[in-house]
Amino acid sequence: MSQQTVTQNEKSWAIVSVLKETTDDQQLERTVPEVSKIIDEWHSKGKFILSGPFDDNKTSLTIFHGSEDEVRKFHEQHKKVTSDVLDTYVYQWDALPVLSLL
């Protein structure tokens, strides 16, 4: 992975995803390849991303670093693929003071 200089326009962001109640396992499994592709594209640019589920198996958190335009594009791609199965919300890291304690 190549190192990139962080620009002043880049910030830390978080996407919180919540599984819709009407989602079944097959619907969720169909989104996995496309979500993996979006994450792989982010990684291929040398960008940081970390994600994982919470214990309730209905909610997940994705943390990443980028410019507002990059994040908007990432979120749009993510929503396009997952909107049938997940509700997603994007926040600037500073907007989540509880997570800053971690």
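The preceding data block contains the structure.
Residues numbered from 1 in each chain as written. Predicted model: local features only at pLDDT ≥ 70, side-chain atom pairs only at ≥ 80, totals over all residues. Heavy atoms only, no water.

Draft legend 1. Inspection of the pairing of strand β2 (residues 49-53) at higher detail. Note that β2 and strand β3 (residues 59-67) share 5 bridges and pair antiparallel. Residue pairing in the sheet places L50 in a bridge with I63 of β3. Counted between consecutive antiparallel strands, the loop separating β2 from β3 contains 5 residues, among which N57 sits at a positive phi close to 60°. (Pairing = 2+ DSSP bridges. Helix = DSSP H or I, 4+ residues; strand = E, 2+ residues; numbered from the N terminus.)

Draft legend 2. Expanded view of the sheet that holds β2. Here we have 4 strands laid out as an open sheet, ordered β2-β3-β1-β4, and antiparallel in their pairing. Looking at which strands have only one partner, the edges of the open sheet turn out to be β2 and β4 (86-92). The sheet shows a mean angle of 20° between the axes of neighbouring strands, taken without regard to direction. In terms of strand pairing, strand β1 (residues 10-19) meets β4 through 7 bridges, oriented antiparallel. By the bridge assignment for β4, L19 is matched with L86. (Axes fitted to C-alpha atoms, helices over the stretch in contact; angles between N-to-C directions.)

Draft legend 3. Seen up close, the nonpolar core. Among the nonpolar cores identified, the biggest contains 8 residues, and these are W13, I15, I38, W42, I49, F64, V71 and F74. Sorting the residues of this core by element identifies β1, α1 (25-44) and α2 (68-82) as the ones contributing at least two each. Dropping the residues within four chain positions of it, F74 is found in contact with I15, I38, W42, I49 and F64. Of all hydrophobic cores here, the second largest spans 5 residues; its members include A14, V16, I63 and W93. (Core = buried A, V, L, I, M, F, W, Y, C linked by side-chain atoms within 4.5 Å. Buried < 20%, exposed > 50% of the residue type's maximum accessible area, 1.4 Å probe, protein only. Contact = heavy atoms within 4.5 Å.)

Draft legend 4. Representation of the packing of α1 against α2 in the model. Direction vectors running N to C along α1 and α2 enclose 165°, while the axes themselves pass 9 Å from each other. Here α1 is positioned roughly antiparallel relative to α2, judged by the angle of their axes. Between α1 and α2 lies a crossing whose hand is right-handed. Facing α1, whose interface residues are T31, E34, V35, I38, E41 and W42, α2 presents E70, F74, Q77, H78, V81 and T82. (Parallel < 35°, antiparallel > 145°, perpendicular 65-115°, else oblique. Left-handed = near helix turned anticlockwise from the far one by under 90°.)

Draft legend 5. The side chain of T23, seen in detail. Of note, T23 is situated in the loop between β1 and α1. Owing to a relative accessible area of 15%, T23 belongs among the buried residues under this scheme. A polar contact is formed between the side chain of T23 and the backbone oxygen of V85, at a distance of 3.1 Å. Ignoring sequence-local partners within four residues, the contact set of T23 consists of L28, D84 and V85. (Polar contact = N/O pair within 3.5 Å; in protein donor to acceptor, adjacent residues only side chain to side chain.)

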